[in-house]
Amino acid sequence: AVAAGVSTQRKQDPSNRILQHLTRCALEYHCRAAQNFFLGRFEAPLPAAPTCNAYCVGCISLQDPHAGDELAPASHDRIAFAPTPEELTAVAVGHIERVGEDAVVSFGQGCEGEPLSEPEVLEATVRQIRERTAAGIVNLNSNASRPDVVDKLCQAGLNSLRISTNS
């Protein structure tokens, strides 16, 4: 069912780099959020940031390659590009339209860095989502290191914030 969802979504928007990235997350890394996106249910990831401003021990998407055997290797690769607001909005709105009022789209998934490191992209994306639909929940998983950006995101239409302080 996940592979069929991948095929359907990729045919609808073959040049969207987020869909290409989420395909790997769903099929290779077995990421439940990415699988949910392709199954058209629950929460969908919106990875937006290839960089991070924290150095969390045990980060699941990036470890120091020179740490030797001290740390376990990252379980998967971090997104290697900064997507455009248009790419993110297409994925988000498509998911919300398929799932309806109970849909959740989330920045700050395990396959990315700190989303607040891409403030303009996030703000533009949230605004574009809310210009197209009031349905669903737009969520941010973050270390909340940029409260000024969080405020702008809330003003743009962000509904939910989960703060992690494990750095």
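This text follows the structure it describes.
Scope of this entry: the structure provided in the associated data block.

Analysis parameters
- Residues numbered from 1 in each chain as written.
- Predicted model: local features only at pLDDT ≥ 70, side-chain atom pairs only at ≥ 80, totals over all residues.
- Heavy atoms only, no water.
- Salt bridge = Lys/Arg side-chain N within 4 Å of Asp/Glu carboxyl O.
- Buried < 20%, exposed > 50% of the residue type's maximum accessible area, 1.4 Å probe, protein only.
- Helix = DSSP H or I, 4+ residues; strand = E, 2+ residues; numbered from the N terminus.
- Arc of directions from axis to C-beta.
- Contact = heavy atoms within 4.5 Å.
- Core = buried A, V, L, I, M, F, W, Y, C linked by side-chain atoms within 4.5 Å.
- Lys, Arg positive; Asp, Glu negative; His and termini not counted.
- Polar contact = N/O pair within 3.5 Å; in protein donor to acceptor, adjacent residues only side chain to side chain.

As for the pattern of salt bridges
Working step 1: Applying the stated criterion to the full structure yields 4 salt bridges.
Working step 2: Across the pair R24 and E28 runs a salt bridge, and its minimum N-O distance is 3.0 Å.
Working step 3: Look at R24 and you get partly exposed, because its relative accessible area is 36%.
Working step 4: Given a relative accessible area of 45%, E28 falls into the partly exposed group.
Working step 5: Residue E123 is joined to R127 by a salt bridge in which the shortest nitrogen-to-oxygen separation is 3.1 Å. Placement of both E123 and R127 in helix α5 (residues 119-132) is noted, with a separation of 4 residues, approximately one turn of the helix.
Working step 6: Taking the relative accessible area as the measure of exposure, R127 reaches 35% and is therefore partly exposed.

Description of helix α1 (residues 2-12)
Given 3.6 residues per helical turn, the α-helix brings residues three or four places apart onto the same face.
Working step 1: Buried within α1 are the following residues: V2, G5, V6 and Q9. Projected down its long axis, α1 carries its buried residues within an arc of 105°, all on one side.
Working step 2: Where α1 is buried, its residues contact α2 (17-27), α3 (32-39) and α4 (85-99).

A few points about the nonpolar core
Working step 1: Counting residues in hydrophobic clusters, the biggest one holds 37 residues, and the most contacted among them are F38, L46, F107, L140 and L153.
Working step 2: If we skip the residues at most four places from it in the chain, F38 touches V2, G5, V6, Q9, L19, L22, T23 and A26.

Points about the side chain of R130
Working step 1: Of note, R130 is situated in helix α5.
Working step 2: Buried charge without a salt bridge: R130, with E101 as the nearest opposite-charge side chain at an N-O distance of 7.9 Å.
Working step 3: A distance of 2.9 Å separates a polar atom in the side chain of R130 from the backbone oxygen of G136.
Working step 4: One polar contact links the side chain of R130 to the main-chain carbonyl oxygen of G157, over a distance of 3.5 Å.

A few points about the environment of C154
Working step 1: By secondary structure assignment, the location of C154 is in helix α6 (residues 147-156).
Working step 2: Among the residues examined, C154 registers a relative accessible area of 42% and is labelled partly exposed.
Working step 3: Here the alpha-carbon distance between C154 and E123, two residues 31 residues apart in the chain, equals 9.0 Å.

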